[in-house]
Amino acid sequence: MNEQQQSLQDIQQIKQMMERSSRFISLSGLSGIAAGICALAGAWFANNVIMENGGPSVYRAVVNRTIETETVQDFVGHRLFQIAIITFFAALLSSFLFTYLRSKKNKIPMWGYTSKRLLINVAVPMIAGGIYLFRQIQFGNYGLIAPGCLIFYGLGLVNASKYTLGEIRYLGYCQVLLGIINCWYVGYGIYFWATGFGLLHIIYGMVMWLRYEKNND
Amino acid sequence: MNLIENLNKIFDSRIRLGIMSALVVNTQLNFNELKELLNITDGNLASHLKTLEESTFIKVHKGFIGRKSNTTYSITRPGEKAFKTHLTALEKMIGTMK
């Protein structure tokens, strides 16, 4: 092997180590697609519940507080809330699976310090947001819960983008933007959730898969 | 100009090159994190770290997390400079290909 080839390989090694040591690069595009499908399924079930209970106009009357019946217990015990929780865990589990498979393929530990750093940075805005939204529920501001989830989730992604493949930042921006628009369309949260958590995840996942995984893995 | 002269002997080893690359983009990494990155044995990593420390390219910080010892490593000014010079030399080597 001549010296130039060796230099080239050295530079490749440097580049790879810089990348591997600073970012969790095993996040799979398929995870995004899986999470998006879970979200769309969840939205479909939720929509059925809304239809059974008198349709969107009744639902909007509740979140706009023209009908005042709900307490925190009612809210948490409500079937829509339960669907949201189940959807969340299904999405988490399925996205975990694909990223686990990819990290195995890349021989990078799934539970390494780069993935821990990534998780902490997603979690900070999301936990703070979660507590804030919980207080909003206690005050009965149901209409702002759906947009709030989108906004804080988006901020979590933007914050985390420094610690994984950078494109996730744009997904974050889109979620924040959707959430903000949703603030002026209170009561239509389910459509914004289906778009943000469903459609955007699928689009993001497909772009990432085509860009990084289709040929390389 | 002799290009090979500018290539630092210390960076001949891919592992040492890897350690330096990781420390350039992370302010501090501990022993286990480096091990995880490089996928090598304790003894092997320790000996390479020793070489880098002796040439003052990296600094060792001995600390504790609870009762467990936690030794972290960071790059020094001379280390950063040597690494950059080495990179430039590598670049020039490749430049001669054309």
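Residues numbered from 1 in each chain as written. Chains lettered and ligands numbered in written order. Predicted model: local features only at pLDDT ≥ 70, side-chain atom pairs only at ≥ 80, totals over all residues.

Notes on the pairing of strand E3 (residues 68-75) of chain B
A regular strand carries its side chains on alternate faces of the sheet. All names here are of chain B. Pairing of strand E1 (residues 29-30) with E3, which is carried by 2 bridges, proceeds in the antiparallel orientation. Residue leucine 29 lies in a different strand from E3, and its bridge partner there is tyrosine 73. Across 8 bridges, strand E2 (residues 58-65) lies against E3 in antiparallel orientation. Bridge pairing in E3 places glycine 63 opposite asparagine 70. Linkage of E2 to E3, two consecutive antiparallel strands, is achieved through a turn of 2 residues, within which glycine 66 is found at a positive phi near 65 degrees. (Pairing = 2+ DSSP bridges. Helix = DSSP H or I, 4+ residues; strand = E, 2+ residues; numbered from the N terminus.)

Topic: the environment of arginine 16 of chain B
All names here are of chain B. Locating arginine 16 in the fold gives a position in helix H2 (residues 14-25). What makes arginine 16 partly exposed here is the crowd of 19 C-beta atoms within 10 Å. Distance from arginine 16 to leucine 45, taken between C-alpha atoms, is 8.8 Å for residues 29 residues apart in sequence. Discounting residues that sit within four places of it in the chain, arginine 16 has contacts with Ile10, Phe11, His48, Thr51 and Leu52. (Buried ≥ 20, exposed ≤ 12 C-beta atoms within 10 Å, placed from the backbone. Contact = placed C-beta atoms within 7 Å.)

Here's the deal with the sheet that holds E1 of chain B
With antiparallel pairing, 3 strands are arranged side by side in an open sheet as E1-E3-E2 (chain B). Sheet topology places E1 and E2 of chain B at the edges, where each strand pairs with a single neighbour.

Digging into the nonpolar core
Ala34, Ala39, Leu150, Leu157, Ala160 and Trp193 of chain A are the most contacted members of the largest nonpolar core, which has 36 residues in total. Sorting the residues of this core by element identifies helix H2 (29-52), helix H5 (79-106), helix H6 (113-138), helix H7 (145-160), helix H8 (168-183) and helix H9 (189-213) of chain A as the ones contributing at least two each. Not counting residues within four places of it along the chain, the set of residues in contact with leucine 150 of chain A comprises Gln175, Leu178, Gly179, Asn182, Phe192 and Gly196 of chain A. Judged by nonpolar contacts, the second largest core, of 18 residues, contains Phe11, Ile19, Leu23 and Leu52 of chain B. (Core = buried A, V, L, I, M, F, W, Y, C linked by C-beta atoms within 7 Å.)

What about the interface of chain A and chain B?
In many reports, interface size means the accessible area that the parts give up when they come together. Tallying the contact residues gives 16 residues for chain A and 16 residues for chain B. It is helix H1 (residues 3-22) of chain A that provides the largest number of residues to the side of chain A that touches chain B, a total of 13 residues. Here the side of chain A that touches chain B is built from residues that sort into 7 nonpolar, 6 polar and 3 charged. (Nonpolar A, V, L, I, M, F, W, Y, C, P; charged D, E, K, R; others polar.)

Describing the environment of leucine 38 of chain B
All names here are of chain B. Here leucine 38 is to be found in helix H3 (residues 31-38). Residues leucine 38 and arginine 67, 29 residues apart in the sequence, show an inter-C-alpha distance of 26 Å. Leucine 38 has contacts with Ile15, Gly18 and Leu45, leaving out every residue within four places of it along the chain.

Describing the packing of H1 of chain A against H2 of chain B
In a pair of packed helices, the angle between the axes and the distance between the axes together describe the arrangement. Put simply, H1 of chain A and H2 of chain B touch, their axes get as near as 8 Å, and they point 45 degrees apart. As far as their axial angle goes, H2 of chain B and H1 of chain A are oblique. Seen from above, H1 of chain A lies across H2 of chain B with right-handed handedness. In contact with Asp10, Gln13, Ile14, Met17, Met18, Ser21 and Ser22 of chain A of H1 of chain A, H2 of chain B contributes Arg14, Leu17, Gly18, Ser21, Ala22, Val24 and Val25 of chain B. Partitioned by chemical class, the residues of the contact of H1 of chain A with H2 of chain B number 7 nonpolar, 5 polar and 2 charged. (Axes fitted to C-alpha atoms, helices over the stretch in contact; angles between N-to-C directions. Parallel < 35°, antiparallel > 145°, perpendicular 65-115°, else oblique. Left-handed = near helix turned anticlockwise from the far one by under 90°.)

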